Amino acid sequence: MSDLLEIRDFTLDIDTFDGPVHVLKNINLTVKRGETLGIVGESGSGKTVLVRSILGIGPKRSRTISGSIAFDGTDLSTLSDVEWKKIRGVRISMIFQDPMTYLNPLFTIGQQIGDVIAAHGRATGTPTRQKARRARSEELLDQVGIPDPSRVCDQYPHQLSGGCARGC
Ligand SMILES: Nc1ncnc2c1ncn2[C@@H]1O[C@H](COP(=O)(O)OP(=O)(O)OP(=O)(O)O)[C@@H](O)[C@H]1O
Ligand SMILES: [Mg+2]
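Residues numbered from 1 in each chain as written. Chains lettered and ligands numbered in written order. Predicted model: local features only at pLDDT ≥ 70, side-chain atom pairs only at ≥ 80, totals over all residues.

## Structural notes on the overall build of the protein chain
Phase 1: For the protein chain, the helix and strand inventory stands at five helices and four strands.
Phase 2: Going residue by residue from the N terminus, the α and β elements of the protein chain occur as β-β-α-β-β-α-α-α-α.
Phase 3: Counting only C-alpha atoms and orienting by the principal axes, one finds that the protein chain spans roughly 50 × 35 × 30 Å.
Phase 4: A burial count over the protein chain gives 12% of its 168 residues as buried.
Phase 5: Contacts in the protein chain between residues far apart in sequence, at least 24 positions, make up 50% of those at least 6 positions apart. (Helix = DSSP H or I, 4+ residues; strand = E, 2+ residues; numbered from the N terminus. Buried ≥ 20, exposed ≤ 12 C-beta atoms within 10 Å, placed from the backbone. Contact = placed C-beta atoms within 7 Å.)

Next up, the structure:
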């Protein structure tokens, strides 16, 4: 069985007005099933660019110079948009830095979780009708220990405390 994630000699440049910036150079790493891997490096060393590249959402002007990224034996650079939809957000996900800013202030928590469920419903087999989305949203909030999920679903991001640790 192939390793879950296999990055080989991955080298990536980003084109800027001042010429190419060599952001990632000969990255090699393997993640096996069930394994946890931490990547540590100083600010600007390329951690985010690497993870975004794995998800196929690297900076617009980035160019892969060499190497490959394979997920479960599939070279990710060969995937079509339709094939990506079955993997991104379903089998590989990313929690972005400063996730609070990724919540849209104009929509409730329930609407935003529901949108993700709807977007990936077909691939994950989750029912996507409104009632089912709502129930699943509450279930997910409950799973991560958010108290009173039903109320939280109807709240807007600014109504949650940072970290939502107590009482939300
Ligand atoms: N869109 C872009 N255009 C030009 N350069 C970029 C772009 N995105 C990232 N970079 C450069 O790529 C390098 C790596 O940035 P990256 O954000 O991956 O670092 P990081 O290790 O995640 O840092 P931090 O620990 O601060 O999150 C930096 O020098 C950054 O300036
Ligand atoms: Mg980063």
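## Concerning the sheet that holds strand β4 (residues 74-75)
Phase 1: Taken in spatial order, the four strands line up as β2-β1-β3-β4 in an open sheet, and their pairing is antiparallel. The sheet is open, and its two borders are formed by β2 (19-31) and β4, each paired with just one other strand.
Phase 2: Where strand β1 (residues 5-16) meets strand β3 (residues 62-71), eight bridges bridge the pair, whose relative direction is antiparallel. Residue Leu12 lies in a different strand from β3, and its bridge partner there is Thr64.
Phase 3: Sheet strands touched by helix α1 (residues 47-54): β1, β2 and β3. Its angle to β2, the strand with the most contacts, is close to 70°. (Pairing = 2+ DSSP bridges. Axes fitted to C-alpha atoms, helices over the stretch in contact; angles between N-to-C directions.)

## Focus on helix α4 (residues 130-143)
Phase 1: Given a rise of 1.5 Å per residue, 14 residues ought to cover 20 Å, and the 20 Å separating the end C-alpha atoms of α4 matches this to within 8%.
Phase 2: Here α4 has its buried residues at Arg133, Ser137 and Leu141. One side of α4 holds all its buried residues, which, seen down the axis, span an arc of 70°. Among the exposed residues of α4, those pointing more than 90 degrees away from its buried face are Lys131, Glu139 and Gln143.
Phase 3: Looking one or two residues beyond α4, the residue adopting positive phi is Gly145, at roughly 80°. (Expected span 1.5 Å × (residues − 1). Arc of directions from axis to C-beta.)

## Structural notes on the domain arrangement of the protein chain
Phase 1: Taken as a whole, the protein chain is organised into domain 1 (5-85) and domain 2 (99-164).
Phase 2: Distance from the C-alpha centre of domain 1 to the C-alpha centre of domain 2: 29 Å. (Domains from an automatic or database assignment.)

## As for the nonpolar core
Phase 1: Residues Ile7, Phe10, Leu12, Leu24, Leu50, Ile69, Phe71 and Leu76 constitute the largest nonpolar core, which totals eight residues.
Phase 2: Of all the elements in the fold, those that place two or more residues in this core are β1 and β3.
Phase 3: The element that contributes the greatest number of residues to this core is β1, accounting for three residues.
Phase 4: Not counting chain neighbours up to four residues away, the residues in contact with Ile7 comprise Ile27, Asn28, Leu29 and Ile69.
Phase 5: Core analysis: the second largest hydrophobic core is formed by five residues, Ile109, Ile113, Leu141 and Val152 among them. (Core = buried A, V, L, I, M, F, W, Y, C linked by C-beta atoms within 7 Å.)

## Examining the site of ligand 1
Phase 1: Near ligand 1, the surroundings consist of 14 residues, among which Ser43, Lys47, Thr48, Val49 and Pro59 are the closest.
Phase 2: Contributing elements (two or more residues each) for the shell around ligand 1: β1, β2 and α1.
Phase 3: No other element matches α1, which puts three residues into the shell around ligand 1.
Phase 4: Looking at the shell around ligand 1, its residues break down into five nonpolar, eight polar and one charged. (Near = placed C-beta within 6 Å. Nonpolar A, V, L, I, M, F, W, Y, C, P; charged D, E, K, R; others polar.)

## Looking at unusual backbone geometry
Phase 1: Positioned with a positive phi, Asn26 is a non-glycine residue whose angle comes to about 45°.
Phase 2: One can find Asn26 in strand β2.
Phase 3: A positive phi is found at Asp148, a non-glycine position, where the angle reads about 55°.
Phase 4: Here Asp148 shows up in the loop between α4 and α5 (149-153).
Phase 5: For Asp148, a count of 13 C-beta atoms within 10 Å translates into the label partly exposed.

## Observations concerning the environment of Pro59
Phase 1: Turning to its location among the elements, Pro59 is positioned in the loop between α1 and β3.
Phase 2: Pro59 has contacts with Ile14 and Val49, leaving out every residue within four places of it along the chain.

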